[in-house]
Amino acid sequence: MTEPVLSVRNLEVEFASRRGTLRAIDGVSFDIAKGEVLGVVGESGAGKSVTGLSVIGLIDPPGRIAGGEIRLAGLRIDNLPPEEMRRIRGKRIGMIFQDPLTSLNPLYKVGDQIVETIRTHLNLSEQAARRRAIDLLAEVGIPAPDKRIDGYPHEFSGGMRQRVVIALAICAEPELIIADEPTTALDVSVQAQIISLIKRLGRDHGTAVMLVTHDMGVIAETSDRVAVMYAGRVAEIGPVQDVVRNPLHPYAKGLMGAIPTLAGDDKRLVQIPGSMPRLSNIPRGCSFNPRCGSAFDRCRVERPEPLSRGAQSVACHLYDPVSAETAA
Amino acid sequence: MLAFTLRRAIQAIGVMIAVGIIAFSMFRFAGDPVNQMVGMDTSGAERAAIRKSLGLDDPVIVQFGRYVGNAAQFKFGVSYQFRLPVTNLLMERMPATLELAIVATIFAMLSGILMGVYSALRRDSWLAHVFQAVSLIGISLPTFLIGVLMIYLFSVTLGWLPSFGRGDVVHIGWWTTGLLTLSGLKALIMPSITLGLFQMTLIMRLVRAEMLEVLRTDYIRFARARGLTTRAIHFGHALRNTLVPVITVAGLQFGSVIAFAIITETVFQWPGMGLLFVQAVQNVDIPIMAAYLMMVSLIFVTINLVVDILYTIVDPRLRSTVSRAH
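Residues numbered from 1 in each chain as written. Chains lettered and ligands numbered in written order. Predicted model: local features only at pLDDT ≥ 70, side-chain atom pairs only at ≥ 80, totals over all residues.

- Within an unreviewed UniProt entry, the label attached to chain B reads ABC transporter permease, and the organism entered is Bradyrhizobium campsiandrae.
- You can read under Subcellular location (unreviewed entry) in the UniProt record for chain B the words "Cell membrane".
- Within the UniProt record for chain B, the comment given under Sequence similarities (unreviewed entry) is "Belongs to the binding-protein-dependent transport system permease family." (UniProt positions renumbered as here; feature names shortened; annotations may be inferred.)

- Within an unreviewed UniProt entry, the label attached to chain A reads ABC transporter ATP-binding protein, and the organism entered is Bradyrhizobium campsiandrae.
- What the UniProt record of chain A gives under Sequence similarities (unreviewed entry) is the line "Belongs to the ABC transporter superfamily."
- Quoted verbatim from the Function (unreviewed entry) field of the UniProt record, the comment on chain A reads "Involved in beta-(1-->2)glucan export. Transmembrane domains (TMD) form a pore in the inner membrane and the ATP-binding domain (NBD) is responsible for energy generation."

So this is what it looks like as C-alpha cells:
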C-alpha cells in the first residue's frame, strides 16, 4: 500500500481556559489517500474544524496540539518550526473556509491576491503568475477570467467568490485540500456546483480532500470515505456507502436516521435525544452514553477504542465480542 | 464620482454660509463698530457719515450679503488695531501656522502608526506597555503644560533648542518657510511635538485597536492559510485595512490641529494665525476674529471634502457605492 497523503495518529488538541484545560480533540486518527475525499461529519463543536485547523497548523492560542502526530506524505508536520510550516501552508496544503464573503481581503483585486499567493510559493515572474492566475480562474469556472482578474471581491457573487477562494487554495498544486464547511454559507443551487467543482479538482489533480461539513447530503455525494466525529473523537469511519447505508455506531445511526427521504413515507424523522456534552463536562466512559439507547454498564465506565468491522472502524462496546455476552 | 464631489462641494458651501452668519453676527453683538473706530470727540454728524460710508445703515440682510460676497473674495475688512487689511495679516501668518500644523501632523501620523502597529503585534512586550503609558500621558496632560515643561527642560536647563519664535525664515514668493534654515528647523521641533502629541496618542490607540480587530478577521486567517509571510500579512493586508479609519481621524484631526495651534503658538510665541487671534481677542479686534473663524471653517470643510475623496481611493468598495448612488 502506498503512503497516505495525510496521516493523523492519536491527535490531541487542548485549550487552556480559566477553568482548566479543555480537550477539544481526544485521540483522533485517520488517513487520506491520494485523490481520495474524506468527509468529516458531526454536530457543531464535535471538533471537525479544529481537526482541520490543526492539520494546517493554524490552531490559535490558547489552543495547542497536546499529543499525537500528523504526517503529510510521511513528513511529520505537527511540530515544525513556524517558518517551515508557513511554507507548507498554501503550497502543499490548501484550505477553503466557510464564508467566501469574508475570506478575501476587500481592498485588493482578486488577481493580486492570487498572484501574491502564487509568487509566495512558486518562483514565477509577475507576468507568468498572472497568466497562471487567469488559467486558474478559468479552471474554477469564472467566466471571462482575463477581465474578472482585475475585479475586487465585492464585485463577485457569493458562489463566484468561493470559486476564487478555491482557486487560491489550489494555486500552488497542493497535495491536500482542507475544505471547512465550503458550502454552508452558499445558496443551495450554488452548493451543488461548488461540491462538484471540488470533487472534479480533486480527481483531475489527484489531490486528497478533507471535507468538513455537517451536511450528510454533501458527504454522500462527494466523499469516498466518511468519519463521524462526536465530542472530539471519531465514532465511526469507513467507506461512504457502508457508513450511510449500514451505520454501526448508535450515534451514526441516529445521524443517518435524521436525513429526510423523498420516498414519501410519512415516518417522523428520528431525533437523537439530548445534546452534545460541553468540553468541560464530557461524561465518563463513552462520551455518547447518556444519549445512547443501547448503552449498558460498560459504556458508563470504560472508553471504547476503535474496532475493525470489515472496511469500517467503530468505537463502540456493542461490537466488542467481550462485552456482547454481558450485554445480552 | 464627479457628481459625488460636486454634491459634497455644495454641502460644503452651505456650511460656509452658516459659519458666515455666525461671523457676521459677531460684529453686531460686539457693540457699535463706529464707536471703536473714532475718537471720543467725534460729532454725531461725522459718526453718521462714517456709518453711511461703511454701509452700516443698510438693512441687515444687505449688509450680510455684502459681507459674504467680500468674504468669498477673501476680503475681511480692516483690522481695528493694526489698521491693515485682515487678509494681509492672515496671509502673512498663515505659512507659519500651516507649516507647524503639517509638521505636527506628519510627526503624529508617523510615530502614531509605528507605535500603534508595534503595540498591536507585540502586545505583551515591555515597549508596548511603555507606549501605552506614554499615550495615557499624551491624552491626559494639557498641551500648554507639556510645552512649558519642554521649554524648561530643553531650552532653559539644557539650552539645546530655542524657547520661542520661528528662527530664520526664507521667503519663497509670499510664502515664508522655516524648513530651509537650521535655526528654523530647531525652532520647529518643540512646537510640533507639543501640538502633535495629542493626535499621536489618538492615532496610536486607534491603529492598535483597529489592527487587533483586523488581525481577527477571516481574510487574515485565510491569508495565513495561504502561507503568506508574516510580513506580507501584517503590513500588506492588515495595515492597509487599518488605515481607512486612520485616514478619517487624521484628516479630521488636522482641522483641530490648526485650531489647537492657538495654544501652542501662544506658549512658544509662534508668529502664526493662532497668536494673531489671541491678540485680536484681547483687543476686541472683531474683523480678525471673524476672518479667523471663517478661515478655520474653510480649512475644516476642505479637509472633510478631501477625506471623503481619499476614502474612495483607499477602499474600492466605496468607489462602486459612490457611482451607484447616482
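Structural notes on the overall build of chain B
Link 1 in the chain: Secondary structure summary: chain B contains 13 helices and 2 strands in total.
Link 2 in the chain: For chain B, the proportion of its 326 residues judged to be buried stands at 33%.
Link 3 in the chain: Within chain B, residue pairs in contact and separated by at least 24 positions form 70% of the contacts whose partners lie at least 6 positions apart. (Helix = DSSP H or I, 4+ residues; strand = E, 2+ residues; numbered from the N terminus. Buried ≥ 20, exposed ≤ 12 C-beta atoms within 10 Å, placed from the backbone. Contact = placed C-beta atoms within 7 Å.)

A look at the overall build of chain A
Link 1 in the chain: Counting secondary structure elements, chain A contains 12 helices and 12 strands.
Link 2 in the chain: Relative to the compact-globule value of 20 Å for 328 residues, chain A shows a C-alpha radius of gyration of 21 Å, a close match.
Link 3 in the chain: Principal-axis analysis of the C-alpha atoms places the extent of chain A at approximately 70 × 50 × 45 Å.
Link 4 in the chain: Across the 328 residues in chain A, those meeting the buried criterion constitute 44%.
Link 5 in the chain: Of the contacts made within chain A by residues no fewer than 6 positions apart, 63% connect residues no fewer than 24 positions apart. (Rg over C-alpha atoms; globule rule 2.2 N^0.38 Å.)

A closer look at the UniProt feature "domain: ABC transmembrane type-1" (unreviewed entry) in chain B
Link 1 in the chain: Under the UniProt annotation, "domain: ABC transmembrane type-1" (unreviewed entry) lies at residues 94–311 of chain B.
Link 2 in the chain: Between the first and last C-alpha atoms of residues 94–311 of chain B the distance is 27 Å; the span itself is 80% helix and 3% strand.

Thoughts on the nonpolar core
A general tendency of soluble globular proteins is for nonpolar side chains to be buried together.
Link 1 in the chain: Counting residues in each nonpolar core, the largest one holds 156 residues, and the members touching the most others are A:Ala167, A:Leu176, A:Met210, A:Val228 and B:Ile203.
Link 2 in the chain: Sequence-distant contacts of B:Ile203, defined by excluding residues within four places in its chain, comprise B:Ala108, B:Met109, B:Gly112, B:Ile113, B:Gly116, B:Val246, B:Val249 and B:Ala250. (Core = buried A, V, L, I, M, F, W, Y, C linked by C-beta atoms within 7 Å.)

Some thoughts on unusual backbone geometry
Residues and elements named next belong to chain A.
Link 1 in the chain: Following Pro61, the chain continues to Pro62 via a peptide bond in cis, the omega torsion being 10°.
Link 2 in the chain: Residue Glu173 is not a glycine yet carries a positive backbone phi of 50°.
Link 3 in the chain: Within the chain, Glu181 stands out as a residue other than glycine whose phi angle is a positive 50°.
Link 4 in the chain: Within the secondary structure, Glu181 is located in the loop between β7 (176–180) and α8 (188–205).

Describing the packing of helix α5 (residues 86–121) of chain B against helix α6 (residues 126–140) of chain B
All names here are of chain B.
Link 1 in the chain: At a minimum axis distance of 9 Å, the contact between α5 and α6 shows a crossing angle of 130°. Classed by the angle they form, the pair α5 and α6 counts as oblique. The two elements α5 and α6 cross, and the hand of that crossing is left-handed. Along its contact with α5, which presents Met115, Tyr118 and Ser119, the element α6 presents Leu127, Ala128, Phe131 and Gln132.
Link 2 in the chain: Looking at side-chain class alone, the contact of α5 with α6 contains 5 nonpolar, 2 polar and no charged residues. (Axes fitted to C-alpha atoms, helices over the stretch in contact; angles between N-to-C directions. Parallel < 35°, antiparallel > 145°, perpendicular 65-115°, else oblique. Left-handed = near helix turned anticlockwise from the far one by under 90°. Nonpolar A, V, L, I, M, F, W, Y, C, P; charged D, E, K, R; others polar.)

Here we look at the pairing of strand β4 (residues 63–72) of chain A
All names here are of chain A.
Link 1 in the chain: In this sheet, β4 lies alongside strand β1 (residues 6–17) in antiparallel orientation, the contact comprising 8 bridges. What sits directly across from Glu14, in β4, is Arg64.
Link 2 in the chain: Judged from the 2 bridges that link them, β4 and strand β5 (residues 75–76) form a sheet pairing that is antiparallel. Directly across from Arg71, in β5, lies its bridge partner Arg76.
Link 3 in the chain: Here β4 hands over to β5 after 2 residues, with Ala73 in that stretch at a positive phi of 50°. (Pairing = 2+ DSSP bridges.)

A word on the UniProt feature "transmembrane region" (unreviewed entry) in chain B
Link 1 in the chain: This chain's UniProt record puts "transmembrane region" (unreviewed entry) on residues 12–30, 100–121, 133–154, 174–198, 243–268 and 288–314 of chain B.
Link 2 in the chain: Structurally, residues 243–268 of chain B is divided into 96% helix and 0% strand, and its ends, taken at the C-alpha atoms, are 32 Å apart.

Some points on the packing of helix α7 (residues 158–170) of chain A against α8(A)
All names here are of chain A.
Link 1 in the chain: Between α7 and α8, the least distance of the axes is 10 Å, while the angle of their chain directions is 15°. With respect to α8, the axis of α7 lies roughly parallel. Both α7 and α8 take part in a crossing whose hand is right-handed. Contact residues: Gly158, Gly159, Gln162, Arg163, Ile166 and Ile170 in α7; Val190, Gln193, Ile194, Leu197, Ile198 and Leu201 in α8.
Link 2 in the chain: Class assignment for the residues of the contact of α7 with α8 results in 7 nonpolar, 4 polar and 1 charged.

Looking at the interface of chain A and chain B
Interface extent is often summarised as the accessible area lost during association of the parts.
Link 1 in the chain: At the interface, 23 residues of chain A touch 18 residues of chain B.
Link 2 in the chain: The biggest single contributor to the side of chain A that touches chain B is helix α4 (residues 110–121) of chain A, with 4 residues.
Link 3 in the chain: For the side of chain A that touches chain B, a count of residues per class yields 9 nonpolar, 8 polar and 6 charged.

Quick word on the sheet that holds strand β10 (residues 233–239) of chain A
All names here are of chain A.
Link 1 in the chain: Taken in spatial order, the 8 strands make up an open sheet running β6-β7-β8-β3-β9-β10-β12-β11, and their pairing is mixed. With partners counted over all chains shown, the strands left at the sheet margins are β6 (93–96) and β11 (307–309), one partner each. Each adjacent strand pair in this sheet contributes to an overall mean axis angle of 20°, direction not counted.
Link 2 in the chain: Where strand β3 (residues 37–41) and strand β9 (residues 225–230) come together, 4 bridges link them in parallel fashion. What sits directly across from Val41, in β9, is Val228.
Link 3 in the chain: Of the strands in this sheet, β6 and β7 touch α7, which is tilted by about 165° from β6.
Link 4 in the chain: Across the sheet, helix α11 (residues 250–257) lies against β3, β9 and β10, angled at about 110° from β9, the strand it touches most.

As for the sheet that holds β5(A)
Residues and elements named next belong to chain A.
Link 1 in the chain: The strand order β2-β1-β4-β5 describes an open sheet built from 4 strands, whose pairing is antiparallel. Only two strands of the sheet have a single neighbouring strand rather than two, namely β2 (20–32) and β5.
Link 2 in the chain: Here helix α1 (residues 48–55) sits on the sheet in contact with β1, β2 and β4, set at roughly 110° to β1.

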